[in-house]
Every structure is written in C-alpha cells, then in structure tokens.
Amino acid sequence: TGAGTGVLVDGATAVTLADLEILDTGSFGVELRSADDVALERVAIRRATDSGVLADGSTVSLDRVTLRGTQPLGDGTAGEGLYAQCVSPTQCGGVTLTRSWVTDNHHVGIAAWGVDLSATETVVAHTQPSPDGSFGVGVQAECDGGWDACPQVTFDHTVVQYNTGTGVVLYGADAMFTDTVVEHTRIGDNPLSGEGVYASCDTVSTQCGHLTLVRSTVRHNHHIGIAFAGGPLVLTDSVVRDTQPSSGGGFGMGLEAIPATPPASDVEVCDVTLERSLVAGNRRAGVAAYGRILCLDDTRVADTRPDEGGTGGHGVMVLRNEDRTLGAHLNAERSILSANTGAHIFIEGSTAQVDQSWLHDRRNHPGAVLHGAVLSQCDPVSHDCSDAVLTESLITDSDGAGIKAVGGVLEVRETTVRASRPVAGKPGAGLLALCHEASQDCAQVQVRDSTLEQNAVANLYSGGADVTVTGAILRAAQPDAAGYFGRGLNAECSAELDACGTLTVTGTLITGNHE
C-alpha cells in the first residue's frame, strides 16, 4: 500500500513476484520498465491507481493473478487492469495471462499497444467506464502507431463478459480465439454500442489483422455480436447468438462484415468464412456482408427476427458497400437456414452461389414486406442487379415465395421448391420472377432439372420476366385461402413497367395442379 507504485522492476531480468497482495496504491500496482522474463504468481493487485500492471517494453507472465478495481487518475483517465506498450520498434515485450482474473477495473480491462497478448483460462469482466462515461472495454489490442508494431492476440478457454461498450476491440491485430466466450457486453455512452467483438484495420499503420474463432461463442451482446472491417475472418465450430438491439432499438445483428478501411492487401477467395457454425436468435440479420466475400460451409443460420423498428429478420444479407461501388458475394454450401422472419438469403445488387443447402420454415412477421425464402433484387440506389445461382438445394415451407427474383439473373438447377404458402392476404409461389421498377430491369430466370411442387397460387409466376424452363417438374400447385388459382405456371406482363417477357418451356412435366 502507499501513495506510490507497489512494486517497480526497472531493467531487470528473471524476476519472480509470488504470493503477494498489493493493495490501495496511489500509482501502479506493479510497474515494469524494460524488464524481461518477469513472472507474477499467485499475486492479488486490488484498487491500484492508473494501471494494476504496467508493462512498458517488458515481457511478463501472470499466473493465478487477480487484477481488480483499478482506479482512474484524478483527471479521469486510465484505470486499466493491465496496460502494455512498446518503448521502441524492437522492444515491445509480451504479456501472458494464465488462470487469472481481471475484473472491475476502469477504462479498459487489458490494453495492449503493439504488444503480443496471450490469455488462457482467464476472465476479463465488469470493466467500468471512465468517469466521463466512455470506454469500459474488456480487451483492446491495437497497433502502436509510433513504432509500427501490431500485436498478436491469442485467447484460449477465456471468458470476456459484462464489459461496457465493447467486449474486445482489435485495430490491426491478428487474433485467435479458441474455446473462448465473449458475452453480455453492456451498452455504453454511445447508444449504438454493446458489441461483443469489434475488429478493424489500423488507420495509422494500415495493417488489417486476421480474426479466427474456433469452438468459441459470442452471445447476448448488443447492437452487433461481431462487427468486422479487417482482413480475413474465419469462424469454425463457433456460435454467434442472441444479439440484442441497441438502446435505440436498432440492429441486433449476429455478424456484420464491411469492407476494410484501408482495403486489406491480402483478401482471399473467402474473406469472411463460417464453417460448421451456428448463428441464431439475432435481430435484423444473422450475417450481413456489405461488399465482402462471404462463405458458409455446413453452417446453420436460424431464428433471426426483425429489429425493434420492424426492419429485416433476414438470415443472410449480401449487399453493396455504403457508397455502392462494391458488391458482395455469397457462397453457401451444405448449410441450413431456418425459421428466419425476413428472407433466409437476401441478395441486393450482389452475387450468390447456393449449393446443397436446405432453406425451410421461412416465417413472415406481421406488417413486413412479403419476402421470399431467397430474395434477389437490384440495388435501389445504384440500380446494380443481382446474379444468383441455386443448385442441388431444397427450399420448403416458406411464408410467401420460395424464391423471389426482382430484376437481375437467376439460375435454379437440380433444386426443389416445395410448399410455399400465402400469408396476410398476399400470394405465395414457388418462384416469383418480376421486374425491378427503379432500375427498369426484368428478371432473367433459368430453371433446369428442378421440381417446383405444392406451392400456393403458382409453382412458377412470371411478371414480365424472361423465363426458360428445361427438364423441370411443376406439379400439385395449391389454391390460395379463397380457393382460387393453384397454377403450375403463370406468365403475364409486368404491371409496373408494362413489359412483357419471354417464356420458353422444354422437356418439362406440368401436372396435377389445382387450376
């Protein structure tokens, strides 16, 4: 205890501090200056001031260490549990935490500026905002602009929970989370906050880090579960679920990926990848990709609801970036999309390839625009239209249309669309092919070797589109609630554009329809 630092290690090597309590210091609990191979073992640092541990160009390991209740300075700044920074381009040091507890600190629980950070079996929790209401972040790791050093962050069996504003912030840092949980982040002074993980490029060094989650869970956060604008992102065997809206009632997305700023220099074929993962119970969108290349492999996206303003409810959204200069691309394989209340897949001014996937039980929410299980349309601002291909997939039990193409190009191959149903007085259909009024573009649709069956009103409806049907089965269309329609194929001109498309049908069976 006392008015100064609890323990100072300046330039020393191979120092061990064990079985200590450092309490109520007027400055740092432990201050490390250009120290190497420092070990803290079974140490409790409580109610220090400025930082519980300062690692200034130092290498330190913490094993079974408690950093609790660090207080900010008199001017309201600092208060971190642990703060690590470089002192030169070649002297950044590194921090390793094992079986440690970092809780009830201020500003940031753990802050690493250019310093490699590793945490195993560690909890970072209940970080409080600074006196001005800002921050409260659990972990923040970013490049040290002065030395152009970017950290490597590794979390293993670690929990980041009940922090404020953002659970984990990464600027230019490469991060690997394994068997890690980021949960229950609270909304901070910014009403559009509460993200579980926020990762972006570093604007000074222009470095764009990679983020990888393996067997990890991001749940019960606010606004966005994972907000990503960095280099490649990979989720493997991971879960993103139950993101809640911000205090303004907006968003609640599971994962949002926007283009890196500055653009990442090493964009791969899939720069956002989810494999064997679950995205469920989120708002507005389970996964939203703006101008990114999104790949889903053996992944389920389910139970997405609209935000509190009634917007969205889409399982997956692929859209153009904010200034409409860059379209997104979706590649979905062997994936399941179910019980979403908007479209299972919403494609706007972008491209998509969906293979061997099951889209089922699309539920329309009251007052919503009638979507399809797959909705492909032109961008309303740029008028760029979508290009989508569905192969070897099953689309079943949708409120409204199974597939709805409003302008653009759509190809459906070896796919079954079944049991779409009318809702709220609006028709259902297996496939709706329409014109996009703003862009003056009518859909161009090819259906090959596919089955459209038991859909309400029409198995295939064209309103001004160019449609080619080859080697298909259109059967057992059902009437609407009033007992009308139930057509195998219905083609007519577009009422909005006064445009009449073309229809070509070859080698196709149309049978057993109601009308």
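Structure first, text after, so check above.
Residues numbered from 1 in each chain as written. Predicted model: local features only at pLDDT ≥ 70, side-chain atom pairs only at ≥ 80, totals over all residues. Heavy atoms only, no water.

1. Here we look at unusual backbone geometry
With a phi close to 70°, His107 is a non-glycine residue in the positive phi region. Its place among the elements puts His107 in the loop between strand 10 (101–103) and strand 11 (108–113). With a relative accessible area of 16%, His107 lands in the buried category. (Helix = DSSP H or I, 4+ residues; strand = E, 2+ residues; numbered from the N terminus. Buried < 20%, exposed > 50% of the residue type's maximum accessible area, 1.4 Å probe, protein only.)

2. Remarks on the packing of aromatic side chains
Counting across every chain of the model gives two aromatic pairs. Ring centres of Phe155 and Phe177 lie 5.0 Å apart, and the angle between their planes is 10°; on these two criteria the pair is classed as stacked. Separated by 22 residues along the polypeptide, Phe155 in strand 15 (residues 152–156) and Phe177 in strand 18 (residues 174–178) bring together distant segments of the chain. Residues Phe155 and Phe177 agree in their burial class; the two are buried. Ring plane angle 65° and centroid distance 5.9 Å describe the contact between Tyr171 and Tyr198, whose orientation is recorded as edge-to-face. A residue pair is termed long-range when its members are at least 10 positions apart, and Tyr171 in strand 17 (residues 166–171) and Tyr198 in strand 20 (residues 195–200) qualify at 27 residues. Looking at Tyr171, the relative accessible area reads 27%, which means it is partly exposed. (Phe/Tyr/Trp six-rings, centres within 6.5 Å; stacked < 30°, edge-to-face > 60°.)

3. Considering the nonpolar core
Counting 97 residues, the largest nonpolar core has Leu40 and Leu211 as the members making the most contacts within it. Counting residues per element, this core draws most heavily on strand 4 (residues 36–46), which supplies four residues. Setting aside anything within four residues of it in sequence, one finds Leu40 in contact with Leu17, Val30, Ile45, Val53, Val60, Ser61, Leu62, Asp63 and Val65. Ala227, Met253, Ala285 and Leu375 belong to the second largest nonpolar core, which has twelve residues in total. (Core = buried A, V, L, I, M, F, W, Y, C linked by side-chain atoms within 4.5 Å. Contact = heavy atoms within 4.5 Å.)

Everything listed here is a matter of coordinates, which is why it stays silent on function.
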